[in-house]
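Geometric and topological summary
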Amino acid sequence: MSFRKIFLLAVVALGIAAFFVFDLGRFLSLEYLKQSQASFEALYASQPLKVSLVYFAIYVAATALSFPGAAIITLAGGAIFGLWWGTLLVSFASSLGATLAFLTSRFVLRDSIEAKFGNRLAEINRGIEKDGAFYLFTLRLIPVVPFFVINLVMGLTKMKALTFYAVSQIGMLAGTLVYVNAGTQLAQIDSLQGILSPALLGSFVLLGVFPLIAKWIVGLMQKRKVYARWASVKPQRFDRNLIVIGAGAGGLVSAYIAAVVKAKVTLVEAHKMGGDCLNYGCVPSKALIKSAKLAHQMRHGETYGLHSTTPTFSFKAVMRRIQDIVRAIEPHDSVERYTGLGVEVLQGYAKLVNPWTVQIKLNDGSTQTLTTRSVVIAAGARPFVPPLPGLEDSGYVTSDTMWDKFGELDEVPKRLVVLGGGPIGCELAQSFARLGSLVTQVEMAPRVMGREDEEVSELARQALLKDGVDVRTGHKALRVENSDGVKTLVVEHAGAEQRIEFDELLCAVGRSARLTGYGLEELGIPTNKTVETNEYLQTLYPNIYAAGDVAGPYQFTHVASHQAWYAAVNALFGDFKMFKADYRVIPWATFIDPEVARVGLNEQEAKEKGIAVEVTKYGIDDLDRAIADSEAHGFVKVLTVPGKDTILGVTIVGTHAGDLLAEYVLAMKHGLGLNKILGTIHTYPTLAEANKYAAGEWKRAHAPQQLLAWVGRFHDWRRG
């Protein structure tokens, strides 16, 4: 460190030391200001220029050294100098002092900070270069962060000193005016009646409402900045209140809500109503799981005192049943139903032309252009296909395409490779194994279902192995080869290559949001694996919202529906009231056998986040109904605040785990603890009793042992 830096640090340190040694803080109190008010006014009357200069210098020094008490000094400016002269002095003194603090931080600290955090700081500097002045103005206008922190942190960036000074001068002016005005009123209090004077009360009202007004002004300025390039094309009138792009769960719920509140809404879908869940995901996969489970039970009839038998079936009939189930549910999501609800449904490809205009290329070849006040993007996601050499020529299927291709097969695929060890991969691997396929499941990670606790992952692996799935974790897919009609997946494990021959390959390594083809690029809406939104689900443009898989962070149908409520209500009524999307209690389930269901934290996440938890576990093997059903395996694991019954998270492994979880979801949503669950009557004999017994385990662990010992003595005494 250079001599100049050391000298400057010494000066700052001496100034701070003097502040505390001489107890200068006693002068920065409202009581001292009131006591000295008369003498200050007299001194100012006799020597106005000298007092003004001394006050100015004190303010600059206090701000430059980041001393506490700026608010009191500002009030003093109003009390001594009046509104206009006080505002002028405070405005320039505060801006000059802030700039000195900014320069000091830059001179002393920036080099060392850049040396240690150069990469992170480079990203920040890019943002500062682009929008730094606006962010600084926002922070000055709405002081959510203490000003001295802003001064020091901004000094570490590459913002120009002149920009910092100018923005600070303008941004702090409104707040300075409010505080100085309050100071002029405080100066006039000479009795209890003065406290209730209209002028003083008005000053305090200004102090209270100023941040709200400032926030509104900043929001207005931000909107003007975002929409500036489109200002010339904004319609005077709109054809629709809302246009929804995509008719999956998020889009359907958004359109439904708009129709219910009598908004004029258009829903645009390019392919099938109901989206991925109805046509390719939740519905068909659960129908397949049911058929596979019945085949499994037939093979193990002895478990129920019956003869075991090998099921004989037509795989084409199994797939036909699945399509029949999809068709039975289709009316719930059909064009006819939503048209009847008051939604205009257009089938075609929608594209955003500008923030208020959507161009729709209809499936019949025509084009329609509509203007709208708001848009909800609910474009969903598609299966992610890894760039494996040879994969495209292998005839692979995904969780979307398998239903049509496998529906044409007379028999179940003989040798099936499933790429992926997540929920989708595990569900489908187990189901096809139970239907008779020789299934090899390949997962690059060290375990399947890696988001769950290790014991849950191991239980899932054991269940898959028991059904005949060849589970290969820690295996990295390298390429697909096709020689003389023999298809082979080449994988790497422990540094050596292995070859897996297959008839069909199912790619289930995750899903990626649909981000192209409907105008995001042209409008400059930022994306990063999903469409970037704020806590209200707004994109870069406040009138364009996103919900469901395309918005993240969860890819669940029920979360898409949940987000859709916020997106639709904010889009239609956001000028009056905005609602932040609530992700505090999000449940999910994986429908392997036994099922795995979870809400909130698990032990793995609690450890990663450093959250202290208490773990209570109840084994379902002890549950009467589970024993009667020959389903006595799994557990209920509850994480609570140590020493309290407040539920932080629940994991359930076992039959109907997804159904059992609902009680805990309700409890967490409404702040109910384990004592409330324990005090609730559960029908006997049902699986739901597992929830009550888990609560009982927690209660037993927290029983007041010393009190119970005294109660035991009481009963001994009662017996004589």
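Residues numbered from 1 in each chain as written. Predicted model: local features only at pLDDT ≥ 70, side-chain atom pairs only at ≥ 80, totals over all residues. Heavy atoms only, no water.

**Some thoughts on the pattern of salt bridges**
Within this structure, the stated rule accounts for 32 salt bridges. Its salt-bridge partner being lysine 316, residue aspartate 410 comes within 3.2 Å of it at the nearest N-O pair. Of this pair, aspartate 410 sits in the loop between α17 (402–406) and β8 (415–419) while lysine 316 is found in helix α15 (residues 315–329), placing the two residues 94 residues apart along the sequence. (Salt bridge = Lys/Arg side-chain N within 4 Å of Asp/Glu carboxyl O. Helix = DSSP H or I, 4+ residues; strand = E, 2+ residues; numbered from the N terminus.)

**Some words on a nonpolar patch on the surface**
Taken together, the side chains of Tyr256, Val260, Val261, Leu341, Phe573 and Phe576 define a hydrophobic patch exposed on the protein surface, amounting to about 580 Å² of accessible area. Along the chain, the position of leucine 341 falls in helix α16 (residues 335–341). (Patch = residues over 30% accessible without salt bridge, like charges linked within 9 Å, V, L, I, M, F, W, Y side chains within 5 Å. Areas by Shrake-Rupley, 256 points an atom, 1.4 Å probe, with all protein chains shown as cover.)

**Quick notes on the nonpolar core**
Counting 35 residues, the largest nonpolar core has Leu288, Met402, Phe406, Phe432 and Val439 as its most contacted members. Those elements that provide at least two residues to this core are α14 (282–299), α15, α17, β8, α18 (423–434) and α19 (454–466). Ranked by residues supplied to this core, first place goes to α18 with five residues. Not counting the four nearest positions on each side in its chain, methionine 402 is found in contact with Met319, Val397, Gly407, Leu428, Phe432 and Leu506. Leu352, Val375, Leu523 and Val531 belong to the second-largest nonpolar core, a separate cluster that totals 29 residues. (Core = buried A, V, L, I, M, F, W, Y, C linked by side-chain atoms within 4.5 Å. Buried < 20%, exposed > 50% of the residue type's maximum accessible area, 1.4 Å probe, protein only. Contact = heavy atoms within 4.5 Å.)

**Observations concerning helix α21 (residues 557–573)**
The terminal C-alpha atoms of α21 lie 24 Å apart, and with 17 residues this matches the ideal 24 Å at 1.5 Å per residue to within 8%. Residues of α21 that are buried: Val559, Ala560, Gln563, Ala564, Tyr566, Ala567, Ala568, Val569, Asn570, Ala571 and Leu572. Buried residues along α21 sit in contact with β1 (240–245), α12 (249–260), β5 (367–377) and β18 (544–546). (Expected span 1.5 Å × (residues − 1).)

**A few points about the sheet that holds β8**
Strand order in the open sheet formed by five strands is β7-β14-β8-β9-β10, and the pairing between neighbours is parallel. Either end of the sheet is taken by a strand with one partner, and the two such strands are β7 (397–398) and β10 (470–473). By the bridge criterion, five bridges tie β8 to strand β9 (residues 438–443) in an arrangement that is parallel. Across the sheet, the residue bridging to arginine 415 is leucine 438, located in β9. Lying on the sheet, α18 is in contact with β8, β9 and β14 (504–507); it crosses β9 at an angle near 165°. (Pairing = 2+ DSSP bridges. Axes fitted to C-alpha atoms, helices over the stretch in contact; angles between N-to-C directions.)

**Section: the pairing of strand β23 (residues 647–654)**
The element β23 is extensively covered by neighbouring structure, given that seven of its eight residues are classed as buried. Sheet topology note: the strand β20 (residues 595–600)/β23 ladder contains six bridges and is antiparallel. In the strand pairing of β23, valine 596 is matched with valine 653. As judged from the six bridges shared by strand β22 (residues 635–640) and β23, these two strands associate in the antiparallel manner. When the sheet's bridge partners are listed, phenylalanine 635 is paired in β23 with valine 653. Connecting β22 to the antiparallel partner β23 that follows it, the hairpin turn spans six residues, and glycine 643 within it adopts a positive phi of roughly 85°.

**Details of unusual backbone geometry**
Of note, the bond from glycine 552 into proline 553 is cis; its omega dihedral lies within 30 degrees of zero at 0°. Structurally, the position occupied by proline 553 is in the loop between β18 and α21. Positioned with a positive phi, alanine 494 is a non-glycine residue whose angle comes to about 55°. Residue position: alanine 494 is located in the loop between β12 (486–493) and β13 (496–502). With a phi close to 55°, histidine 656 is a non-glycine residue in the positive phi region.

**Looking at the packing of aromatic side chains**
Tallied over the full model, the rule gives 15 aromatic pairs. Seen in terms of ring centroids, tyrosine 55 and tyrosine 59 are 6.0 Å apart; in terms of plane orientation they differ by 70°. Their pairing is edge-to-face. In this pair, tyrosine 55 and tyrosine 59 both sit in helix α4 (residues 48–64), four residues apart, roughly one turn of the helix. Tyrosine 55 gets classed as buried once you look at its relative accessible area, which sits at 8%. Each ring, one from tryptophan 565 and one from phenylalanine 579, has its centre 5.4 Å from the other, and the planes form 70°; the classification is edge-to-face. In this pair, tryptophan 565 is assigned in helix α21 and phenylalanine 579 in the loop between α21 and β19 (587–590), connecting sequence segments 14 residues apart. Using a relative accessible area of 36% as the deciding quantity, one classes tryptophan 565 as partly exposed. You can call phenylalanine 579 partly exposed: its relative accessible area is 29%. Put simply, the rings of Tyr554, Phe556, Tyr583 and Trp588 pair up and form one aromatic cluster. For arginine 451, the ring lying beneath its charged end belongs to tryptophan 588, and the centroid distance is 5.0 Å. The ring of phenylalanine 635 carries lysine 617 above its face, with NZ or CZ at 4.3 Å from the centroid. (Phe/Tyr/Trp six-rings, centres within 6.5 Å; stacked < 30°, edge-to-face > 60°. Lys NZ or Arg CZ within 6 Å of the ring centre and 35° of its normal.)

**Points about helix α27 (residues 705–718)**
In this model α27 runs 20 Å from its N-terminal to its C-terminal C-alpha over 14 residues, within 8% of the 20 Å that 1.5 Å per residue would give. Sparse coverage of α27 is indicated by the burial of zero of its 14 residues. Backbone geometry just downstream of α27 places glycine 720 in the positive-phi region, at approximately 85°.

**Thoughts on the side chain of asparagine 602**
Within the element layout of this structure, asparagine 602 appears in the loop between β20 and α22 (603–609). For asparagine 602, a relative accessible area of 1% corresponds to the buried category. One polar contact links the side chain of asparagine 602 to the main-chain carbonyl oxygen of arginine 451, over a distance of 3.1 Å. With sequence-adjacent residues up to four places away left out, asparagine 602 is seen in contact with Arg451, Glu452, Asp453, Leu639 and Thr651. (Polar contact = N/O pair within 3.5 Å; in protein donor to acceptor, adjacent residues only side chain to side chain.)

**Describing the sheet that holds β23**
Taking strand neighbours across the sheet as the criterion, the five strands line up as β19-β20-β23-β22-β21 in an open arrangement whose pairing is antiparallel. Looking at the sheet topology across the chains shown, the edges are occupied by β19 and β21 (614–619). Neighbouring strand axes in the sheet, compared pairwise and without regard to direction, differ in orientation by 10° on average. Packing against the sheet, α19 makes contact with β20, β21, β22 and β23, and its axis sits at approximately 165° to β22. Contacting β21, β22 and β23, helix α26 (residues 689–701) crosses the sheet at an angle of about 135° to β21.

**Quick look at the side chain of aspartate 276**
In this structure, aspartate 276 sits in helix α13 (residues 275–279). With residues near it in sequence (within four places) discarded, aspartate 276 still touches Gly281, Ala381, Asp400, Arg511 and Arg514.

**A few points about the environment of leucine 88**
With respect to the element layout, leucine 88 can be found in helix α6 (residues 83–141). C-alpha of leucine 88 to C-alpha of valine 180: the two residues are 92 residues apart in sequence and 9.8 Å apart in space.

**Concerning the environment of arginine 499**
Within the secondary structure layout, arginine 499 lies in strand β13. Excluding residues within four positions of it along the chain, arginine 499 makes contact with Glu481, Thr488, Leu489 and Val490. There is a polar contact of 2.6 Å between the side chain of arginine 499 and the side chain of glutamate 481.

**Some words on the confidence of the model for the chain**
Looking at the chain as a whole, its pLDDT mean stands at 88, while 88% of the residues score no less than 70. Segment residues 189–196: pLDDT under 50, and eight contacts once partners within four positions in sequence are set aside and those in other chains are kept. (pLDDT = per-residue confidence, 0-100.)

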